[in-house]
Amino acid sequence: MMLTIRGVSYHVETYGEGTPLVLLHGFTGSAENWHPFLDMFSQYKVILIDLIGHGQTNSPSEFERYSMEESVKDLYDIFAALHLKNFILAGYSMGGRLALTYAVQHPEQIDKLILESASPGLKSEAERMNRRENDRNLSQLIREQGMNHFINFWENIPLFASQKALPEALQNNQRIQRLKNDETGLANSLLGMGTGSQRSLWDSLHTLKIPVLLLSGERDEKFCGIAKEMKNLLPLSTFIKIIGAGHAVHVEQPQIFGRIVNEFINS
């Protein structure tokens, strides 16, 4: 379905009945990324959203519209339109940063939070400045060289090196999905919603009194380190390191990912 939320047309998919489970994709992703899990999560009411600038959702021309704050407001209105009062919220990478931001602002709505390869942002303004500069360069790369060139570059960054071992058909599916995105949407998402643009949530983690599952792949040392730090600050958190996976745990070890999420929800 399409929902017009604060002037932006959002693509939203819902499946099944039961406890609502909202899944938020990462940068260059879409609701499609979660389709392989619909059978595994068939006991829930699964809600999938193409985030702003991604998939079939609109790509406004002003990058300010893509900020974390604006996206949290959009999600709040989407959940109201779907009559969701309480739900389980899960997010991967960029979607995980958004899920965490949402949970900090609206903890009363979240029964459980699942964060896959996510961070609370960068701690210092110097780090954020450097990241904003990097994201500006990437945004320019998309606008000047186009999607094919950018996706070629993106697929070959060190963060995704472990995905080179995946079956070729799966890698091709990932690429096809990424290429369905809009140039303006991805360029503006980097500027508005990049890690350098969001405020740090490190000082807010201790306030989150809901069960949190932190997942990261053993081959992604950076995000394993971030998850361990987060675990020490979140009062009700569990950290699980997934063997044989890098940054995209749900892509590289889907069966293990599905089983751990189900166990956490049902515990």
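Above this note sits the structure.
Residues numbered from 1 in each chain as written. Predicted model: local features only at pLDDT ≥ 70, side-chain atom pairs only at ≥ 80, totals over all residues. Heavy atoms only, no water.

Draft legend 1. How the structure looks around helix α8 (residues 254–266). With 13 residues, α8 extends 18 Å between its outermost C-alpha atoms, agreeing within 8% with the 18 Å of an ideal straight helix rising 1.5 Å per residue. Of all the positions in α8, only Phe257, Gly258, Ile260, Val261, Asn262, Phe264 and Ile265 are classed as buried. (Helix = DSSP H or I, 4+ residues; strand = E, 2+ residues; numbered from the N terminus. Expected span 1.5 Å × (residues − 1). Buried < 20%, exposed > 50% of the residue type's maximum accessible area, 1.4 Å probe, protein only.)

Draft legend 2. Summary view of the packing of helix α1 (residues 68–81) against helix α2 (residues 94–105). Put simply, α1 and α2 touch, their axes get as near as 10 Å, and they point 75° apart. The orientation of α1 with respect to α2, classified from their angle, is roughly perpendicular. For the pair formed by α1 and α2, the contact residues are Met68, Ser71, Val72, Leu75, Tyr76 and Phe79 on the first element and Met94, Arg97, Leu98, Thr101, Tyr102 and Gln105 on the second. In terms of residue class, the contact of α1 with α2 is built from eight nonpolar, three polar and one charged. (Axes fitted to C-alpha atoms, helices over the stretch in contact; angles between N-to-C directions. Parallel < 35°, antiparallel > 145°, perpendicular 65-115°, else oblique. Contact = heavy atoms within 4.5 Å. Nonpolar A, V, L, I, M, F, W, Y, C, P; charged D, E, K, R; others polar.)

Draft legend 3. Focus on the environment of aspartate 220. Assignment of secondary structure puts aspartate 220 in the loop between β7 (212–217) and α6 (221–233). What makes aspartate 220 buried here is its relative accessible area of 5%. Those residues in contact with aspartate 220 that sit more than four places away from it in its chain are Ser117, Leu159, Ala245, Gly246 and His247.

Draft legend 4. Representation of the pairing of strand β3 (residues 19–24) in the model. Taking burial as the measure, the six residues of β3 include five buried ones, the bulk of the element. Here four bridges tie β3 to strand β5 (residues 87–92), and the two strands are oriented parallel to one another. Paired with leucine 21 across the bridge in β5 is isoleucine 88. (Pairing = 2+ DSSP bridges.)

Draft legend 5. A look at the pattern of salt bridges. Here the structure, examined in full by the defined rule, presents 13 salt bridges. Across the pair glutamate 229 and lysine 123 runs a salt bridge, and its minimum N-O distance is 2.5 Å. Note that glutamate 229 is positioned in helix α6 and lysine 123 in the loop between β6 (110–116) and α3 (125–155), a separation of 106 residues in sequence. A residue is classified by how much of its surface remains accessible, and glutamate 229, at 36% relative accessible area, is partly exposed. Its relative accessible area of 47% is what places lysine 123 among the partly exposed residues. Between arginine 128 and glutamate 125 there is a salt bridge, and its shortest N-O distance comes to 3.2 Å. Residue arginine 128 and its partner glutamate 125 are both found in helix α3; the two are separated by three residues, about one turn of the helix. (Salt bridge = Lys/Arg side-chain N within 4 Å of Asp/Glu carboxyl O.)

Draft legend 6. View of the packing of aromatic side chains. Enumeration over the complete set of coordinates arrives at 13 aromatic pairs. Taking the centre distance of 6.3 Å and the plane angle of 75° together, the rings of phenylalanine 27 and phenylalanine 150 count as edge-to-face. Pair noted here: phenylalanine 27 is in the loop between β3 and β4 (44–49) and phenylalanine 150 is in helix α3, with a separation of 123 residues, a long-range link. You'll find phenylalanine 27 and phenylalanine 150 in the same group, each marked buried. Arranged with centres 6.0 Å apart and planes meeting at 55°, the rings of phenylalanine 41 and tyrosine 44 form a pair that is tilted. Exposure class is identical for phenylalanine 41 and tyrosine 44. Each is buried. Three or more aromatic residues link up through ring pairs in this structure, and these residues are Phe27, Phe150, Phe153, Trp154 and Phe160. One cation-aromatic arrangement involves lysine 112 over phenylalanine 264; the distance from NZ or CZ to the ring centre is 5.1 Å. (Phe/Tyr/Trp six-rings, centres within 6.5 Å; stacked < 30°, edge-to-face > 60°. Lys NZ or Arg CZ within 6 Å of the ring centre and 35° of its normal.)

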